[in-house]
Each structure stands twice: as C-alpha cells, then as structure tokens.
Amino acid sequence: MTDTLSSSSVTIGIIIALLWAMRPVLQKHILNSFSFPTVMFIGAVLYMIFVSIFVFVNSHQHVQTEIFRMTKTQAGIFLTIAIFGVIGSILYYKGLSENPASEIITVTSMWPLLAIVFTSLFLGEKLDPHLLIILFVIVCSLVGFELSKNKSHSKSSLWNAEKPNQPAFNRLIGLLFQNTRIEHTPKTRNMFWKCNQQHA
C-alpha cells in the first residue's frame, strides 16, 4: 500500500460507498412491509442467483477447480466468514427493523475504521495516516451528532414530564384532601394554590 491513495482506489471506493449508502434506505423501506427474516431470506436467495450468474458467465470452470483443491484451513476460513456474515446480518436487520435507520447507520459506520485496524494487525498492511484520520473524524462526527440529537430529545421529554397538565394536578390535590385528614382551611388552600401555580 502506498502513502497516497490511487485514483482507481478512490473511484472504486466512491462507487461502493454510493451503492452501499442506498442499501439501508431501501432495506428500511421494505422492512415496513415484511419481517426481517423474510427480507433476509429473499435477499440471500437473490444474492445467490446473481452471484451464480456472474460466476457462470465469467469463469465457472476455474472456480470449480479452485473449490476442489481447497484445504481444510481455507474451508474453515470460508465457514468463519459465512458465520460472521450471518450473525452480522441478523443483528443488522433486527436492529434496522426496530430502530430508526439513522441510529443503526451511525453505529455501523464504525466498521471501516475497525477494518483498517484489523488489516494492519492481522495482514500487516501499512496504515495510511491520512485515510485513518479522515475515517476517524467522519465516525466521530456521526456518532456525536446522533448522541447530541438523542440527548436533546431526552431533555425535551424530561421537561414535558416535569410539567403535568392542570386538570391532572387538580385531581391529585382533590384526592389528597379526600384521603387525608388535612383540614381544608384558607391557609391550606393558599399553600396548594401556590404549588399549583408552580406546575402550571
């Protein structure tokens, strides 16, 4: 890996980013009509069909030869990739079906940064510091934006909860007078009137 990104890497990366950016939008839309296991199953079937067509058109004999000379270690790696993919897909679709797409996308956007770190640790690839900084800034910005949005929403909900509506508060005061022995004198009426004004 060179110190600077090649133009082909940038072009391919942009195309992949555009294609993958549209996936969660369409997936969230279709999850409004189908359960996530159904969406996963149909997606897997279509994926296998398109991959089979691609392999058959290009070099199916070459693929067949490589499959038969696969070692047990290589087969184990393929199995691990499949297991990781299935677990990740199940969690992703389940999360996408139960939560806003923006939240799931924000959290899963950390995977490119983790992938770069893993390739450096396990494959010995040289890290491009510029690319690492860019990805880190993007991920932190997305996560920070989502956290600030959720924090603002929580504050708004808490503020509304601390201000009960007037009829409900009045009913509560009536129940207190009904179920207790507090004498309903002008002094007590004035005290509860002031408390009522504070919650208005």
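Keep in mind that what you see is a predicted model, and the values were worked out from it rather than measured.

(A) Here's a closer look at the overall build of the protein chain. Scanning the protein chain for helices and strands turns up eight helices and zero strands. For the protein chain, the accessible surface area stands at approximately 16,000 Å², while carbon and sulfur atoms represent 71% of it.

(B) Focus on the packing of helix α2 (residues 36-68) against helix α3 (residues 72-98). Following both chains from N to C, one finds α2 and α3 inclined at 135°, their axes separated by 9 Å at the closest point. It follows that α2 is oblique to α3 by the angle criterion. In this structure, α2 meets α3 at a crossing whose hand is right-handed. Side by side, α2 and α3 meet where Phe-36, Val-39 and Met-40 of the first sit next to Ser-89, Ile-90, Tyr-93, Lys-94 and Ser-97 of the second. By residue class, the composition of the contact of α2 with α3 is five nonpolar, two polar and one charged.

(C) Expanded view of the pattern of salt bridges. Scanning the model with the defined rule gives two salt bridges in all. Close ionic contact of Glu-66 with Arg-69 constitutes a salt bridge, the shortest N to O distance being 3.7 Å. The exposure class assigned to Glu-66 is partly exposed, which follows from its relative accessible area of 35%. Linking Lys-94 and Glu-98 is a salt bridge whose minimum nitrogen-to-oxygen distance equals 2.9 Å. Linking Lys-94 with Glu-98, this pair stays in helix α3, spanning four residues, or about one helical turn.

(D) Representation of the nonpolar core in the model. Formed by Leu-31, Phe-36, Val-39, Tyr-92, Tyr-93, Leu-96, Ala-101 and Ile-104, the largest nonpolar core amounts to eight residues. Among the elements of the structure, α2, α3 and α4 (101-108) are those that each provide at least two residues to this core. Tallying contributions element by element places α3 first for this core, with three residues.

(E) Structural detail: a nonpolar patch on the surface. On the surface, Phe-41, Ile-42, Val-45, Leu-46, Ile-49, Phe-50, Ile-53, Phe-56 and Val-57 cluster together to form a nonpolar patch covering roughly 920 Å² of accessible area. Within the fold, Phe-56 resides in helix α2. Phe-56 gets classed as exposed once you look at its relative accessible area, which sits at 57%.

(F) Local environment of the packing of aromatic side chains. Evaluated as defined, the whole model comprises two aromatic pairs. Considering the side-chain rings of Tyr-92 and Tyr-93, the 5.5 Å spacing of their centres and the 75° angle between planes classify their relative orientation as edge-to-face. With centroids separated by 6.0 Å and ring planes inclined at 55°, the aromatic side chains of Phe-118 and Phe-122 adopt a geometry described as tilted. Here Phe-118 and its partner Phe-122 are both found in helix α5 (residues 111-122), four residues apart, which amounts to about one turn of the helix. Given the relative accessible area of 44%, Phe-118 is considered partly exposed. Note on Phe-122: relative accessible area 66%, which makes it exposed.

Definitions and limits used
Residues numbered from 1 in each chain as written. Predicted model: local features only at pLDDT ≥ 70, side-chain atom pairs only at ≥ 80, totals over all residues. Heavy atoms only, no water. Helix = DSSP H or I, 4+ residues; strand = E, 2+ residues; numbered from the N terminus. Areas by Shrake-Rupley, 256 points an atom, 1.4 Å probe, with all protein chains shown as cover. Axes fitted to C-alpha atoms, helices over the stretch in contact; angles between N-to-C directions. Parallel < 35°, antiparallel > 145°, perpendicular 65-115°, else oblique. Left-handed = near helix turned anticlockwise from the far one by under 90°. Contact = heavy atoms within 4.5 Å. Nonpolar A, V, L, I, M, F, W, Y, C, P; charged D, E, K, R; others polar. Salt bridge = Lys/Arg side-chain N within 4 Å of Asp/Glu carboxyl O. Buried < 20%, exposed > 50% of the residue type's maximum accessible area, 1.4 Å probe, protein only. Core = buried A, V, L, I, M, F, W, Y, C linked by side-chain atoms within 4.5 Å. Patch = residues over 30% accessible without salt bridge, like charges linked within 9 Å, V, L, I, M, F, W, Y side chains within 5 Å. Phe/Tyr/Trp six-rings, centres within 6.5 Å; stacked < 30°, edge-to-face > 60°.

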